[in-house]
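Here are the chains, one letter per residue:
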Amino acid sequence: MPNYTLITGASSGIGESLAREYAEGGYDLILTARRTDRLEKLAGQLREQHGRTVEVISADLGNPDGVAELADTIIARGWALMGLVNNAGFGDSGAFSKRPREKQLAMIQVNVTALVDLTHRLLPTLERAQAPFIINVASVAAFQAGPNMAVYYASKAFVLSFSESLSEELRGRVSVSALCPGPTASEFAERAEASKANLFKMGTMSSQKVAAIGIKNHRNTIVVPGVRNKLMVWGGKITPRALLRRIAYRINS
Ligand SMILES: NC(=O)c1ccc[n+]([C@@H]2O[C@H](COP(=O)([O-])OP(=O)(O)OC[C@H]3O[C@@H](n4cnc5c(N)ncnc54)[C@H](OP(=O)(O)O)[C@@H]3O)[C@@H](O)[C@H]2O)c1
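The chain is annotated in an unreviewed UniProt entry as Oxidoreductase short-chain dehydrogenase-reductase family protein from Salinisphaera shabanensis E1L3A.

As structure tokens, this is what we get:
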């Protein structure tokens, strides 16, 4: 019987790359997102190329019922789970007061609430596996405030803090890793309406590279892929917060 790794947001970008890397590494997968056609296509390729078992479950994590249905389906089918990758997420660019309220609240639902909800629902199943793991995709944005992407940065700060706490609580039982990429080539910037922001003009890492580094280091509690991103996080730690948020404001404009 397969021992699955569940990947949320597997229909594009980092999630899709994680799925490809995991399948190549011999993992059986459950892929989820809203765009089922893309998931089915990816699942077909991974089955053919790597001979893995790959299941697809369509779910809208922007809806609390969607999260519950996803977890209930996995539990009801009696599927064994060894990995949970909470990757689904999105951002939004612009001044908080001028951006749609619904989008800010949906961001908290997908980036934060769904991640906590899914983790809580699936932990008992995960804990039955040998050496189970969780990867939560946070961001370098998690380490500082982010004017012009205020809710997004705050949501990722939550993911980092939550992951660190869980990794300590579950030490020796489930390894928990916060993967913190910097700007990455994916559909993220366009969906966040941030393609023209300085942040994305400074260059991006490929989603394949982010995924490979995340998987290789998934027993580490905090993983920041790439030297430039590491320097950004380190620089942030030695920069006064008042200055840091001014710089972030410029970068996010
Ligand atoms: N790209 C970057 O610069 C960057 C940097 C740091 C961190 N990250 C984080 O990396 C993660 C992946 O983002 P990405 O860069 O790969 O962007 P992406 O290409 O836009 O992928 C986002 C994924 O999340 C899924 N998703 C979004 N809303 C959803 C919902 N309501 N229900 C279910 N799935 C949903 C999307 O699937 P559907 O639309 O098919 O549902 C898609 O598969 C996110 O958590 C993001 O915050 C990205």
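S.K.: Hey, could you run me through the packing of helix α1 (residues 13-24) against helix α8 (residues 207-216) in this one?
M.R.: Axis angle and axis distance: for two packed helices, these are the angle between their axes and the distance between the axes, and together they describe the pair. Viewed as axis vectors pointing N to C, α1 and α8 meet at an angle of 55°, and their least axial separation amounts to 8 Å. The angle between α1 and α8 falls in the class oblique. For the pair α1 and α8, the crossing hand works out as right-handed. Residue-level inspection shows Gly13, Ile14, Ser17, Leu18, Glu21 and Tyr22 of α1 in contact with α8, the latter providing Ser207, Gln208, Val210, Ala211, Ala212 and Ile215. Here the residues of the contact of α1 with α8 sort into 7 nonpolar, 4 polar and 1 charged.

S.K.: What am I meant to see in the nonpolar core here?
M.R.: Soluble globular proteins tend to bury their nonpolar side chains together. Formed by 50 residues in total, the largest nonpolar core has its most connected members in Leu6, Ile30, Ile74, Leu118 and Leu122. Elements with a minimum of two residues in this core: β1 (3-8), α3 (64-76), β4 (80-86), α4 (101-126), α5 (150-169), β6 (175-179), α6 (188-191) and α7 (198-201). Ignoring anything within four residues of it in the chain, the contact list for Ile74 reads Leu6, Ile30, Ile57, Trp79 and Leu122. Counting residues in hydrophobic clusters, the runner-up holds 28 residues, among them Ala43, Leu46, Phe133 and Val223.

S.K.: Would you mind showing me how to read the packing of aromatic side chains here?
M.R.: The description of an aromatic ring pair uses the distance of the two centres, along with the angle that the planes make with each other. Enumeration over the complete set of coordinates arrives at 8 aromatic pairs. Residues Tyr4 and Trp79 carry aromatic rings whose centres are separated by 5.1 Å and whose planes lie at 50° to one another, so their mutual orientation is tilted. You can see Tyr4 sitting in strand β1 and its partner Trp79 sitting in the loop between α3 and β4, a full 75 residues away along the chain. Of the two residues examined, Tyr4 and Trp79, each falls in the buried class. Between Phe158 and Phe162, the ring centres sit 5.9 Å apart and the planes meet at 20°, which makes this aromatic pair stacked. One end of the pair is Phe158 and the other is Phe162, both in helix α5 and 4 residues apart, which spans about a single turn. Judged by relative accessible area, Phe158 falls into the partly exposed class, the value being 36%.

S.K.: Sorry, what's going on with the side chain of His218 here?
M.R.: On the secondary structure map, His218 appears in the loop between α8 and β9 (222-223). On the basis of relative accessibility, which here comes to 8%, the residue His218 falls in the buried class. Engagement of the side chain of His218 in a polar contact is seen with the side chain of Arg219, the distance being 3.4 Å. Every residue in contact with His218, bar those within four places of it in the chain, is listed here: Tyr22, Tyr27, Phe133, Ile135, Ser175 and Ser177.

S.K.: Explain unusual backbone geometry to me, please; I cannot follow it from the model alone.
M.R.: Excluding glycine, residues mostly have negative phi values, and the peptide bonds linking residues are mostly trans. Of note, Ala131 is a non-glycine position whose phi angle comes to about 50°, a positive value. As for its placement among the helices and strands, Ala131 is situated in the loop between α4 and β5 (133-137). Residue Ala131 is classed as partly exposed on the basis of its relative accessible area, which comes to 49%.

S.K.: Explain the UniProt feature "domain: Ketoreductase" (unreviewed entry) in the chain here, please?
M.R.: Within this structure's numbering, the places UniProt gives as "domain: Ketoreductase" (unreviewed entry) are residues 3-188. What you have in residues 3-188 is 47% helix and 19% strand, and the ends, taken at the C-alpha atoms, are 30 Å apart.

S.K.: Any chance you could explain the sheet that holds β6 here in plain terms?
M.R.: In a beta sheet, neighbouring strands pair by backbone hydrogen bonds and run either parallel or antiparallel. Taken together, the 7 strands give an open sheet; going across it, the order is β3-β2-β1-β4-β5-β6-β9, and neighbouring strands pair in parallel fashion. Looking at which strands have only one partner, the edges of the open sheet turn out to be β3 (54-58) and β9. Relative to β9, β6 runs parallel, the two being bridged by 2 bridges. Within β9, the residue paired with Leu179 across the bridge is Val223. Packing of α3 onto the sheet brings it into contact with β1, β2 (28-33) and β3, and relative to β3 it is tilted by some 145°.

S.K.: Is there a simple way to think about the packing of α4 against α5 in this case?
M.R.: Closest axis-to-axis distance for the α4/α5 pair is 9 Å, and the angle between their directions is 10°. Considering their axes alone, α4 and α5 lie roughly parallel with respect to each other. For the pair α4 and α5, contact is made by Gln104, Met107, Ile108, Asn111, Val112, Leu115, Val116 and Thr119 and by Val151, Tyr152, Ser155, Lys156, Phe158, Val159, Phe162 and Leu166, respectively. Of the residues that constitute the contact of α4 with α5, the class distribution is 11 nonpolar, 4 polar and 1 charged.

Rules behind the numbers
- Residues numbered from 1 in each chain as written.
- Predicted model: local features only at pLDDT ≥ 70, side-chain atom pairs only at ≥ 80, totals over all residues.
- Heavy atoms only, no water.
- Axes fitted to C-alpha atoms, helices over the stretch in contact; angles between N-to-C directions.
- Helix = DSSP H or I, 4+ residues; strand = E, 2+ residues; numbered from the N terminus.
- Parallel < 35°, antiparallel > 145°, perpendicular 65-115°, else oblique.
- Left-handed = near helix turned anticlockwise from the far one by under 90°.
- Contact = heavy atoms within 4.5 Å.
- Nonpolar A, V, L, I, M, F, W, Y, C, P; charged D, E, K, R; others polar.
- Core = buried A, V, L, I, M, F, W, Y, C linked by side-chain atoms within 4.5 Å.
- Buried < 20%, exposed > 50% of the residue type's maximum accessible area, 1.4 Å probe, protein only.
- Phe/Tyr/Trp six-rings, centres within 6.5 Å; stacked < 30°, edge-to-face > 60°.
- Polar contact = N/O pair within 3.5 Å; in protein donor to acceptor, adjacent residues only side chain to side chain.
- UniProt positions renumbered as here; feature names shortened; annotations may be inferred.
- Pairing = 2+ DSSP bridges.

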